[in-house]
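Per-entry structural report
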Amino acid sequence: VANILVPEDIKSCQSADPTLYEVAQQYDLDVFPLKDEYTPHVNFVLMVDESKGVVTYHPVQSRVQLSMGRPPSNEAGAVIEKRALEESDVKEMEMRVAEVDLDLAKKYGLQDEEEEGRS
């Protein structure tokens with residue numbers, strides 16, 4: 001289930017105070033892979049910045065399909081607050097990046113033995 005959240009009070013979301021959000025719509029969320037594990041990307045999103053004369057592209061790994069929106073169920077709101085990253089957060093992000101970054105893969109010992117022989 002995916003929810004669209006809207007701030008209960010617009011002014012509170014512009015401050016550092018915790019913001020209370022209300023669910024405006026609910027959707028069923030289906031994710032379909034567009035890329036097999038060992039094949040190259042074939043689906044891309046092109047972003048054109050006419051003011052800078054630049055086009056960038058980003059690979060798309062999956063397609064998301066949402067159902068028709070429906071009114072939310074009566075669940076309690078969620079409090080979202082800003083906080084500084086902790087060491088565990090940084091490590092988790094680096095571990096994800098290490099899947100595609102050879103230097104971080106070496107740092108965390110994730111490099112395959114085959115790859116070590118090639119480098």
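Definitions and cut-offs
Here the residue index of a chain counts from 1 through its sequence in written order. Reporting in this predicted model follows two pLDDT cut-offs: at least 70 for local features of residues, and 80 or more for side-chain atom pairs to be given and counted; totals over whole chains, interfaces and linings ignore these cut-offs and use all residues. The basis for the side-chain values is all heavy atoms of the structure; hydrogens and waters are excluded. The helix count covers DSSP runs of H or I at least four residues long, the strand count covers runs of E at least two residues long, and both are numbered beginning at the N terminus. Each residue is assigned to one of three classes by its accessible area relative to the maximum for its type, calculated with a 1.4 Å probe on protein chains only: buried under 20%, partly exposed between the two thresholds, exposed over 50%. The contact criterion used throughout is that any non-hydrogen atoms of two residues lie within 4.5 Å. Residue-level accessible areas treat just the shown protein chains as cover; the underlying method is Shrake-Rupley with a 1.4 Å probe. Two strands are said to pair when DSSP picks up at least two bridges between them. Every patch collects residues that have over 30% relative accessible area and no salt bridge, joining them within 9 Å if they carry like charges and within 5 Å if they are nonpolar side chains (Val, Leu, Ile, Met, Phe, Trp, Tyr). Whenever Lys or Arg places a side-chain nitrogen within 4 Å of a carboxyl oxygen from Asp or Glu, that contact is recorded as a salt bridge.

Side note on the overall build of the protein chain
Scanning the protein chain from terminus to terminus reveals four helices and seven strands. In sequence order, the protein chain lays out its α and β elements as β-α-β-β-β-β-β-β-α-α-α. Going through the 119 residues of the protein chain one by one, you find that 9% of them count as buried. Intrachain contacts of the protein chain at a sequence separation of at least 6 include 48% that bridge at least 24 residues. Counting only carbon and sulfur atoms, one obtains 53% of the accessible surface of the protein chain, whose full area is about 10,200 Å².

Quick notes on the pairing of strand β4 (residues 44-49)
Across six bridges, the pairing between β4 and strand β5 (residues 54-59) is antiparallel. Within the sheet, the bridge partner assigned to Phe 44 lies in β5 and is Pro 59.

Remarks on the environment of Asp 36
Mapped onto the elements of the fold, Asp 36 is located in the loop between β3 (29-33) and β4. Through-space distance from the C-alpha of Asp 36 to that of Gln 61 is 8.8 Å; in sequence the pair is 25 residues apart.

Some points on a nonpolar patch on the surface
Residues Phe 44, Leu 46, Val 48, Val 55 and Tyr 57 make up a contiguous nonpolar surface patch of about 560 Å² in total accessible area. Of all the secondary-structure elements, those providing two or more residues to the nonpolar patch are β4 and β5. With three residues, the top contributor of residues to the nonpolar patch is β4. With respect to the helices and strands, Tyr 57 occurs in strand β5. The exposure class of Tyr 57 is exposed, given its relative accessible area of 56%.

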